[in-house]
Amino acid sequence: MIILVVNAGSSSLKYQLIDMNDESVIAKGNCDRIGIDGHISHKTGDGRAFEADCNFPTHTEAFMKLVEALTTGEAKVIDSMNAISAVGHRVVQGADIFDKSVIVTDEIIDKIDELRELAPVHNHAHALALRACKNVIPEGVPQVAVFDTAFHQTMPPKAYMFGLPYDDYANLHVRKYGFHGTSHRFVSSALADAMGKDIKDLKIVSCHLGNGSSITAVDGGKSVDTSMGFTPLDGVVMGTRTGSVDPSAVTYVADKHGFTPAEMSDYMNKKSGFLGVSGVGSDNRDITNAAEHGNDRAKLVSDMLVYEIKKYIGSYTAVMNGLDAVLFTGGIGENAYDVREKVCEDMEIFGIKLDKSANDGLRGQLKKISTEDSKVEVWVVPTNEELLIARDTLALISE
């Protein structure tokens, strides 16, 4: 059985074609710059590649080019879209409406689009992609929506509520939703398998660290708290995002700069974080390099990230009344062994002891990096959100 997995952004459409018989990637690619000019990059599992500038006025044209790349030319992998059993879509915001993956209907698409105010960059694009896909794939091929927020719907009210008047929750749906749920669900399950234990018996702190980062407390396989909040802006300092900030600092800075709410949101989401503090850039590799060459601001933001991750590990250990494992995933979590080492330094009170020889130089591999006598196991667990989406899609269409 072959499943197409789609991750649509406002101006991009990433995809993977997965053979569910062995969960291998047949092909993957990205249709980029939708609504601007257009570009596609396409690679097959056996090493063939295709790349071209295109005209992508909308997501529909991008989908048509995706189909063309999969079914024609030197990098084709299937004869027609009839070979595909279903399409699985990543959807960022499901609010408190969607607590699990669903088979897509017109009503589901409308509801996803109605939630665009809660994820303005993502949800409208998801709806556009879902409608475009429906127009391109053969009739009768089901689509499935897998929500980033669904995993966090197990959080108790004491964890997801804010101290705003209750009417803002009841009428405006203002609460913590959490994000990266698809990744946290995949890696926490993969960790339990690697440890040879039932996830129901584990208390895990999952650290998804990348250009966007979030930390999640996973107790018995369920999310009980997470660092991102109403939007992906909350939590630890990130590539261009502030992370948690005193709300009064927000209003103060907005007033001093004369920003509108939209301008302040842009300032906090796109001009802050690693970029704003360091003045170097938003990529952790550039921050690390600058810090190593004596840039004090780059070192400062690196120290901030490590410090904040440590605080979340400590607080989530308290929330879960214990800790069995810490995992690192995402672009930084899987590859920045210096960040992992600094996070695990001076954490013996929590039972964490890092094996530096196992950690040093480790990039993108599933591996335990704690010492044998560490009471809490520390692991690097590569994430694979596309595979989880494909698995959810297969499960739903097989019911």
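Residues numbered from 1 in each chain as written. Predicted model: local features only at pLDDT ≥ 70, side-chain atom pairs only at ≥ 80, totals over all residues. Heavy atoms only, no water.

*Asks:* Could you give an account of the sheet that holds strand β13 (residues 367–368), with specific residues and numbers?
*Replies:* The 6 strands are arranged β11-β10-β9-β12-β14-β13 in an open sheet whose pairing can be described as mixed. Among the strands making up the open sheet, the edge pair consists of β11 (222–226) and β13. Bridge analysis of strand β9 (residues 203–208) against strand β10 (residues 214–219) gives 6 bridges, and the strand direction is antiparallel. Of the residues in β10, the one forming a bridge with V205 is A217. (Pairing = 2+ DSSP bridges. Helix = DSSP H or I, 4+ residues; strand = E, 2+ residues; numbered from the N terminus.)

*Asks:* I'd like a rundown of the environment of F56, residues and numbers included.
*Replies:* One can find F56 in the loop between β5 (49–53) and α1 (59–71). The sequence separation of F56 and C31 amounts to 25 residues, and the corresponding C-alpha distance is 8.5 Å.

*Asks:* I'd like a rundown of the pattern of salt bridges, residues and numbers included.
*Replies:* Enumeration over the complete set of coordinates arrives at 21 salt bridges. Between D225 and K176 there is a salt bridge, with the nearest N and O atoms lying 3.0 Å from each other. In this pair, D225 sits in strand β11 while K176 sits in the loop between α5 (166–172) and α6 (181–195), placing the two residues 49 residues apart along the sequence. With a relative accessible area of 12%, D225 lands in the buried category. When its relative accessible area of 11% is taken as the criterion, K176 is described as buried. Close ionic contact of D373 with K353 constitutes a salt bridge, the shortest N to O distance being 2.8 Å. Separated by 20 residues along the polypeptide, D373 in the loop between β13 and β14 (377–380) and K353 in the loop between α13 (337–344) and α14 (356–359) bring together distant segments of the chain. By relative accessible area, which is 34% here, K353 ends up partly exposed. Each of D110, D113, R116 and R131 takes part in salt bridges that share partners, so that together they form one network. (Salt bridge = Lys/Arg side-chain N within 4 Å of Asp/Glu carboxyl O. Buried < 20%, exposed > 50% of the residue type's maximum accessible area, 1.4 Å probe, protein only.)

*Asks:* Before we move on, could you go through the packing of helix α7 (residues 247–257) against helix α8 (residues 261–270) and cite the residues and values that matter?
*Replies:* Relative orientation of the contacting elements α7 and α8 amounts to 115°, with a least axis distance of 10 Å. If you check the angle between α7 and α8, you find them roughly perpendicular. Crossing of α7 against α8: the hand is right-handed. Side by side, α7 and α8 meet where V250, V253, A254 and H257 of the first sit next to M264, Y267 and M268 of the second. (Axes fitted to C-alpha atoms, helices over the stretch in contact; angles between N-to-C directions. Parallel < 35°, antiparallel > 145°, perpendicular 65-115°, else oblique. Left-handed = near helix turned anticlockwise from the far one by under 90°. Contact = heavy atoms within 4.5 Å.)

*Asks:* Tell me about unusual backbone geometry, and name the residues and values.
*Replies:* A positive phi angle is found at R33, which is not glycine, with a value near 60°. When its relative accessible area of 36% is taken as the criterion, R33 is described as partly exposed. Backbone geometry at H173 places phi at a positive 60°, although glycine is not the residue there. Here H173 shows up in the loop between α5 and α6. Overall, H173 belongs to the partly exposed group, its relative accessible area being 38%.

*Asks:* Can you lay out the packing of aromatic side chains for me, pointing to particular residues and giving the numbers?
*Replies:* Inspection of the entire model under this criterion finds 6 aromatic pairs. Pairing Y166 with Y169 gives two aromatic rings, centres 5.4 Å apart and planes at 70°, and the pair type is edge-to-face. Taken together, the residues span about one helical turn, with Y166 and Y169 both in helix α5 at a distance of 3 residues. Of the aromatic side chains, those joined through ring pairs into one cluster are Y160, Y166 and Y169. Directly above the ring of Y160 sits R175, whose terminal nitrogen or CZ lies 3.7 Å from the centroid. (Phe/Tyr/Trp six-rings, centres within 6.5 Å; stacked < 30°, edge-to-face > 60°. Lys NZ or Arg CZ within 6 Å of the ring centre and 35° of its normal.)

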